[in-house]
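# Residue-level structural notes
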Amino acid sequence: MFVAKSIAADHKDLIHDVSYDFHGRRMATCSSDQSVKVWDKGDDGEWHCTASWKTHSGSVWRVTWAHPEFGQVLASCSFDRTAAVWEEIVGESNDKQRGQSHWIKRTTLVDSRTSVTDVKFAPKHMGLMLTTCSADGVVRIYEAPDVMNLSQWSLQHEISCKLSCSCISWNPSSSRAHPPMIAVGSDDSNITYSGKVQIYEYNENTRKYAKAETLMTVTDPVHDITFAPNLGRSFHVLAIATKDVRIFKLIPMRRESANSSGPTKFEVQVMAQFDSHNSQVWRVSWNITSTLLASSGDDGCVRLWKANYMDNWKCTGILRGDGSPVNGSGHAAALSAVGVPVAAQMVVGAASAGRLKHSMLQYFY
Amino acid sequence: KQEVTVSPRLIPGAGFYQKHLGFEWGPGDLIVYETNYKLQGPRSAGSPSVHIVRRDEDICSPILRKLFSESHLIFVGLQKIKEDVPSKNKKSQFVSISKNYRSVIRACMEELQQNAVSTQSGSLASQYGDQVSILLAIELIWNLCEVLFIDAAPAGSLLLQLLDWVRLHKSDVDAKAREVLQSDSPAQHQSYWDVVISLVLQGRTDEARQVLSKQASLRAESSSVFKRMDGLLQTMPIFNPTGTQTLTEFEVKWRHWHEECDRCLQDNTFASNRHLETICKILVGDEDTLLEQKELLSTWYHFLVTRLLFTHPTIKPPDLHYYAQSSMNMFLGPRASPEPLDIILLSAFEFDLHQVIKDCSIALNNWWFVAHLTDLLDHCKLLQSHNLHFGSNLREFLVLEYASGLFTHHSLWQLAVDYFDHCPEFGRVYLELQIERVPLDTERKAIKVLRICEDRQMSEQVRSICKIMAKRALRNNRLGSALSWTIRAKDAAFATLISERFLQDYSNKGSFTDLDLLDNLGPAMLLSDSLTFLGKYREFHRLYGEKRFSEAARLLLSLMTAKIAPRSLWMTLLTDALPLLEQKEVIFSVDQTYELMSCLEELNSGTKHSNLTDQDEDIESTKTELLRLALARNLTMAIVKEGTIET
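Thresholds, definitions, all that
- Counting restarts for each chain, with residues numbered from 1 along the sequence as it is written.
- To label them, take the chains in the order written and letter them from A, then take the ligands in the order written and number them from 1.
- With pLDDT at 70 or above as the cut-off, local features in this predicted model cover only qualifying residues; side-chain atom pairs require 80 or more to be listed or tallied, and sums for whole chains, interfaces and linings still use all residues.
- Values shown for side chains rest on all heavy atoms present in the structure; no hydrogens or waters enter the calculation.
- UniProt positions are given in the numbering used here, feature names are shortened, and annotations may be inferred rather than shown by experiment.
- A run of H or I in DSSP counts as a helix once it spans at least four residues, and a run of E counts as a strand once it spans at least two, with each numbered from the N terminus.
- Burial classes: relative accessible area under 20% of the type maximum marks a residue as buried, over 50% as exposed, and values in between as partly exposed (1.4 Å probe, protein chains only).
- Here, residues are in contact when the closest pair of their heavy atoms is within 4.5 Å.
- Accessible areas in this description were obtained via Shrake-Rupley with a 1.4 Å probe; residue shielding takes into account the shown protein chains only.
- Lines fitted to the C-alpha atoms define the axes, with helices restricted to the stretch that makes contact. Angles between their N-to-C directions range from 0 to 180 degrees.
- Put simply, angles under 35 degrees are roughly parallel, angles over 145 are roughly antiparallel, angles from 65 to 115 are roughly perpendicular, and the rest are oblique.
- Handedness of a crossing follows from how the near helix is turned relative to the far one, being left-handed for an anticlockwise turn of less than a right angle and right-handed for a clockwise one.
- Side-chain classes are defined by residue name, with Ala, Val, Leu, Ile, Met, Phe, Trp, Tyr, Cys and Pro counting as nonpolar, Asp, Glu, Lys and Arg as charged, and the others, Gly among them, as polar.
- Every residue carries a pLDDT, the predictor's confidence in it, which falls somewhere between 0 and 100.
- Two strands make a pair as long as DSSP finds a minimum of two bridges between them.
- Domain delimitation follows an automatic or database domain assignment.
- In short, buried area is how much 1.4 Å probe accessible area vanishes from two parts on joining, totalled over both.
- Each salt bridge in this description consists of a side-chain nitrogen of Lys or Arg and a carboxyl oxygen of Asp or Glu lying within 4 Å of one another.
- N or O atoms closer than or at 3.5 Å make up a polar contact, with two conditions inside protein: a donor-capable atom paired with an acceptor-capable one, and, for residues adjacent in sequence, both atoms drawn from side chains.
- Joining through side-chain atoms within 4.5 Å is the link that ties buried Ala, Val, Leu, Ile, Met, Phe, Trp, Tyr and Cys residues into a set, and such a set is a nonpolar core.

Identification of chain B as Nuclear pore complex protein Nup85 from Sinocyclocheilus grahami is taken from an unreviewed UniProt entry. Under the heading Subcellular location (unreviewed entry), UniProt records this for chain B: "Nucleus, Nuclear pore complex".

Per an unreviewed UniProt entry, chain A goes by SEH1 like nucleoporin and derives from Sinocyclocheilus grahami. According to UniProt, the comment filed for chain A under the heading Sequence similarities (unreviewed entry) is "Belongs to the WD repeat SEC13 family."

Structure follows, in structure tokens:
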């Protein structure tokens, strides 16, 4: 059985993003009310809001955590054309007693001329690097050379994508076989440049990022993009939220000559394509082991996708709001399946060994 | 083929104000929230909530946890069975392991059943009951797989084992039989004939005779009929696998008996008693009569085994599927369609192992079962390895799935480690990925996680975890803790940073903290120059405190001459030398004094700091003068001392 516990987020406006920290013990939410809130999971398993502060002068679109090796660091990006980096300061003892912590702004990145649509930290093996993308079509990569001084960031790379960008994703692989790679999605409706996903790769020799691949088959606006964790594979897996959910396999091709410069060439295959949302898909995200992909669409559903051992993908779960106003109780409420009230469900699966239903031995992961 | 359609789960309190659902993966759960992805649009009127969706850690969990930990032990034991032992010996080992797994499942079931019975709440009882029925199904399938695949019983034994299987899973017969026998007048009991027939259907002829004897004593006039039936039941041949009789001999004997039963029917021997007539028809394996016993049989597979018992007791494994399919069709009839469990059992009877596993994965959505069963079958060398796109096999896929699920659990994650260890292709990389995410709530837990990584030479994970702990300690100003984590992480840059903080602390407070740690750095000191200096500097202070002045002096000098000390601290060191210079005894030798002097001059010849205030510059030059004086005085005394001949 699934249960859902609701937490009153207390934002005064729409929540646009929620982000768990690396260990899943802290959470950050950001909203059109221009603020970010940080939540901590107590020993009792309950979430408490430990910080809430105004971060921008416009809607905050995304919020993301840096790897805990760099400390307690957040980045946010906003309609106000800026991205910001925040660090938690260990507070006075009476703050700790009240369960409050303080976050201070370390830097504001003001290079974008338009709304900054996504902000992501690069994989930790690259150091402390922050990436933004904007509606002005530029992806910016910043680095903090001194990880103890988060107020110094330098703009290392500016990648001009020619299309308004909506999302970015770093390839998490730290394998030396793969140079750093970033995928950029565009929600531009421009038809001249039809491929809406671009993949850039870092070149050790030129010390620059060069375009390695454009996914020409993705012609509709892309709203979200995400690389799967690598898990020792020789190829890369990329999920895309566009008018449907699409999963691509990118197989690096062997270089013809040992010292050929230029980015890796890829063979691109479609691993799966799902149009069950029947509408625009807005978000896609892999779980930690890349065994499950979740997607969210215009149909108001979150769908879970899984591949079996023969690599056949299918939908293994669907979540949807029940359309009722906020559940004020805060208690964990069991989720009913469509059309079957919860109590009835418990009876339905009972009795003889002949009936099978979802086992509680299955953990949701 | 079987497809499980998914129906949406509804989240209460979402979807009223905004129609989109945002989400984010958590450890073992999913956060969901109302939002609007079309960034322009109506503002939110309500106060938005976030919803955390997860599997219900529910009432059955403590009991299921036992299942997980006990099966973990069996799993690990199984992996240790050596490859080089001949397979004949191994079969009995594998059967025994299979039985172990099943007994763990049964123990779990019993406990759940007890809870179901004893609980006051109706809904809790249902939850327990649901879980019991799932485990019942699992054990049923597992048991059949053990009979057919692991034990791989040949003709003769096969039927006997299938009978055992049916008997084990139809325990209500025993309860009914007890009820009847313990009643005042068993023969009059309304379930009397049901019990007799049920026992016959299960091939339990001796017990059937025992119950029948209750009837016989009452009706004297029909006792001969009962004696006849008793005779038939008594003489029914049962194959003895360990005996000397061959299968062919048994078959001949059985055929004779079968013909005798048939003769009784033809002679209308039992015409006077319809129950006995029914039993006789069962004994000859009359299909229609068997089907009439649908309610007593209750399942098609009981029907199958009974049918085989009375028509083909020497059934060979490859012929099983034909009877299975027809039995199922006959029993279920044209209207009913098979349930997922039926399909799985049928695939087992067809010896289609891969189909069994596939269907179990889909229908049961239960990784524990398919992972452990497949692993056992793989050890029996029963699975051909399907090459998956990334080269792993089915067993590894399932074990990885199971273990990944375990990993999100706050205490069971440690069991998962062993499972990953026994996945040769991807176990390591999965473990590396997931172990980093274990929350490092306490130092003890961090050390537990670290030990696991260190044992497996996962150096990057070790480094990362230590770094996280060091950073956390530093944030909370626990310098000693930060330093030991940094040393464990072998992070030179961070070690430098922390050493500098120590020295800063020292210059603020005048004393060192964490003396134990600093005094026992050992070779770890070499991690960074700053750390080496810190350790040695502390050693200097210690030597001074122990009044081992000449050793202290030598050390102090070497810190400068060997360039261990950063230039910025030379003045501090020289100032530290003052008390040594001012002792009554001469401590620094002539040569050492000359070296100190040159250090002092080297220091003064360097570029002056322009940001010193006039006051500071005054202090600096006063210090320098004091030092020069002390050094000169020491030089004098040292020359005299060294020049004096002891007489």
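Bringing the overall build of chain A into the picture now. Within chain A one finds two helices and 26 strands. A buried classification covers 59% of the 365 residues belonging to chain A. In chain A, of all internal contacts separated by at least 6 residues, the share reaching a separation of at least 24 is 45%. Surface accessibility of chain A: about 14600 Å² in total, with carbon and sulfur atoms responsible for 49%.

This paragraph deals with the packing of helix 5 (residues 172–182) of chain B against helix 6 (residues 192–201) of chain B. If you want to describe how two helices pack, look at the angle between their axes and the distance between the axes. Residues and elements named next belong to chain B. One way to put it is that helix 5 packs onto helix 6 with a least axis distance of 9 Å and a crossing angle of 135°. Taken together, the axes of helix 5 and helix 6 lie oblique to each other. Handedness of the crossing formed by helix 5 with helix 6: left-handed. Here V173, K176, A177 and V180 of helix 5 lie close against helix 6, whose contacting residues are Y192, D194, V195, S198 and L199. Looking at side-chain class alone, the contact of helix 5 with helix 6 contains six nonpolar, one polar and two charged residues.

This part is about the confidence of the model for chain B. All names here are of chain B. Mean pLDDT for chain B: 87, with 92% of residues reaching 70 or above. No element of chain B has a lower mean pLDDT than strand 1 (residues 9–11), which averages 79, and none a higher one than helix 13 (residues 300–311), which averages 96. Here residues 387–391 scores under 50 on pLDDT; set against residues more than four positions off or in separate chains, the count is ten contacts. For this predicted complex, the interface confidence score (ipTM) comes to 0.88, while the overall pTM stands at 0.87.

Turning to the sheet that holds strand 24 (residues 301–307) of chain A, a few remarks are in order. Taking strand neighbours across the sheet as the criterion, the five strands line up as 22(A)-23(A)-24(A)-25(A)-1(B) in an open arrangement whose pairing is mixed. Because the sheet does not close on itself, it has two edges, and the strands there are strand 22 (281–286) of chain A together with strand 1 of chain B. The average angle at which neighbouring strand axes cross in this sheet is 25°, direction not considered. Judged from the five bridges that link them, strand 23 (residues 292–297) of chain A and strand 24 of chain A form a sheet pairing that is antiparallel. Bridging across to strand 24 of chain A, A:L292 finds its partner in A:K306.

Let us now look at unusual backbone geometry. Residue and element names in this part refer to chain B. Although it is not a glycine, S298 adopts a positive phi angle of roughly 60°. Turning to its location among the elements, S298 is positioned in the loop between helix 12 (294–297) and helix 13. Take S298: its relative accessible area is 40%, and that puts it in the partly exposed class.

This brings us to the domain arrangement of chain B. Residues and elements named next belong to chain B. Under the domain assignment, chain B is made up of domain 1 (165–315), domain 2 (440–546) and domain 3 (565–605 + 613–646). Of note, the centres of domain 2 and domain 3, computed from C-alpha atoms alone, are 32 Å apart. Across the contact, seven residues belong to domain 2 and nine residues belong to domain 3. Summed over both partners, the interface of domain 2 with domain 3 comes to about 560 Å²; 77% of that surface belongs to carbon and sulfur atoms. If you sort the residues of domain 2 by the area they bury against domain 3, F533, Y537 and Y544 come out on top, with a joint share of 71%. Scanning the region where domain 2 abuts domain 3 turns up zero salt bridges. Joining domain 2 to domain 3, the criterion identifies one residue pair in polar contact (both at pLDDT 80 or more). Elements supplying a minimum of two residues to the side of domain 2 that touches domain 3: helix 24 (492–509) and helix 26 (529–545).

In this section: the nonpolar core. In terms of nonpolar packing, the biggest core is built from 201 residues, with B:L283, B:W300, B:L345, B:F349 and B:F369 touching the most fellow members. Considering each element in turn, this core owes the most residues, 15 residues, to helix 3 (residues 122–150) of chain B. Not counting residues within four places of it along the chain, the set of residues in contact with B:F369 comprises B:I138, B:I141, B:W142, B:C360 and B:L364. Of all hydrophobic cores here, the second largest spans 19 residues; its members include A:A241, A:V245, A:I247 and A:C301.

A word on the UniProt feature "repeat: WD" (unreviewed entry) in chain A. Residues annotated in UniProt with the feature "repeat: WD" (unreviewed entry) correspond here to residues 8–40 and 274–306 of chain A. The span residues 8–40 of chain A carries 0% helix and 58% strand; its end-to-end C-alpha distance comes to 14 Å.

Bringing the pattern of salt bridges into the picture now. Residues and elements named next belong to chain B. As enumerated under the stated definition, the model contains 57 salt bridges over all chains in all. One salt bridge in this structure joins K91 and D151, with 3.9 Å as the shortest N-O distance. One end of the pair, K91, is in helix 2 (residues 87–118); the other, D151, is in the loop between helix 3 and helix 4 (157–168), with 60 residues separating them in the sequence. The exposure class of K91 is partly exposed, given its relative accessible area of 34%. Here D151 falls in the buried class, since its relative accessible area comes to 18%. Two residues, R548 and E546, come together in a salt bridge whose shortest N-O distance is 2.6 Å.

What follows is about the side chain of A:R233. Residue and element names in this part refer to chain A. Along the chain, the position of R233 falls in the loop between strand 18 (224–227) and strand 19 (236–241). The exposure class of R233 is buried, given its relative accessible area of 13%. For R233, the side chain forms a polar contact with the main-chain oxygen of P229, separated by 3.0 Å. If we skip the residues at most four places from it in the chain, R233 touches H178, A228 and S290.

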